[in-house]
Amino acid sequence: MKYVFQMMIIGGITFVGELLHVWLPLPVPASVYGMMLLFLCLCLKIIKEEQIRETADFLLLIMPVLFIGPGVGIIDNYTSISDAILPFIITVFVTTVIVMAVTGLVAQAIIRRTKGGKAHE
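Note that the structure is predicted; figures quoted are calculated from it, not measured. (Residues numbered from 1 in each chain as written. Predicted model: local features only at pLDDT ≥ 70, side-chain atom pairs only at ≥ 80, totals over all residues. Heavy atoms only, no water.)

Asks: How should the layout of surface pockets be read in this particular structure?
Replies: A water-sized probe rolled over the atoms picks out the places where empty space is left. Considered as a void within the structure, the largest pocket measures approximately 540 Å³ in volume. Around the largest pocket sit 18 residues that line it, and Ile10, Thr14, Met35, Leu38 and Leu59 are the ones nearest its centre. Those elements that provide at least two residues to the lining of the largest pocket are helix H1 (2–23), helix H2 (30–43), helix H3 (53–61) and helix H4 (63–66). For the lining of the largest pocket, the element with the most residues is H1, which contributes six residues. Within the lining of the largest pocket, the residues separate by chemical class into 13 nonpolar, four polar and one charged. (1 Å grid on protein atoms, 1.4 Å probe; cavity = no way out; pocket = protein on both sides within 12 Å on 5 of 7 lines; lining within 4 Å. Points joined across faces, edges and corners; volume = space filled by probe spheres on them. Helix = DSSP H or I, 4+ residues; strand = E, 2+ residues; numbered from the N terminus. Nonpolar A, V, L, I, M, F, W, Y, C, P; charged D, E, K, R; others polar.)

This is the structure we're talking about:
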C-alpha cells in the first residue's frame, strides 16, 4: 500500500504538470513542469523525501528500459534522418558535454556552500 501511495503522489504531481502544460502558453514540456513542482514541494517540505523515496528509486532503476522505445523509433526512422545524421551526432555530443559540465559545476558549488564541503560526510 505504501508504494501505491507514493506512486499516487508522483502521478498527481505529473498530472498537475500536464495541466500546467495545457493551461500556460509557454513552450515548456509537461515533464519539466512536473519536475519543477516536485522540486518545489520537496524544498518547501510539502512532500518529504521519505514519502516518495522507494518509488522514486524504483523509477530511477528502470529508467534505461524507458529509453528502448525512443531508440527503436530512431532506428525505425533512420532513412528519414540519414541526411541530417552528422548534425544530429554533433548536437547530441555537444549538448551531452554541456549538461555534464553544468551538472558538475553546480554539484561543486552546492558542496562548497554546504558547510565548507562537508556535505559528503
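Asks: How should a nonpolar patch on the surface be read in this particular structure?
Replies: Together, Leu86, Ile90, Phe93, Val94, Val97, Ile98, Val102, Val106 and Ile110 make up an exposed nonpolar region whose accessible area comes to about 830 Å². Here Ile98 shows up in helix H7 (residues 85–113). You can call Ile98 partly exposed: its relative accessible area is 46%. (Patch = residues over 30% accessible without salt bridge, like charges linked within 9 Å, V, L, I, M, F, W, Y side chains within 5 Å. Areas by Shrake-Rupley, 256 points an atom, 1.4 Å probe, with all protein chains shown as cover. Salt bridge = Lys/Arg side-chain N within 4 Å of Asp/Glu carboxyl O. Buried < 20%, exposed > 50% of the residue type's maximum accessible area, 1.4 Å probe, protein only.)

Asks: Just checking my understanding: could you explain the packing of H1 against H3 for this structure?
Replies: In a packed pair of helices, the relevant descriptors are the angle between the two axes and the axis-to-axis distance. With their axes 8 Å apart at the nearest point, H1 and H3 run at an angle of 75° to one another. Taken as axis vectors, H1 and H3 run roughly perpendicular relative to one another. When H1 is examined against H3, the residues Lys2, Tyr3, Gln6, Met7 and Ile10 are found in contact with a partner set consisting of Arg53, Glu54, Thr55, Ala56 and Leu59. Looking at the contact of H1 with H3 residue by residue, the classes come out as five nonpolar, two polar and three charged. (Axes fitted to C-alpha atoms, helices over the stretch in contact; angles between N-to-C directions. Parallel < 35°, antiparallel > 145°, perpendicular 65-115°, else oblique. Contact = heavy atoms within 4.5 Å.)

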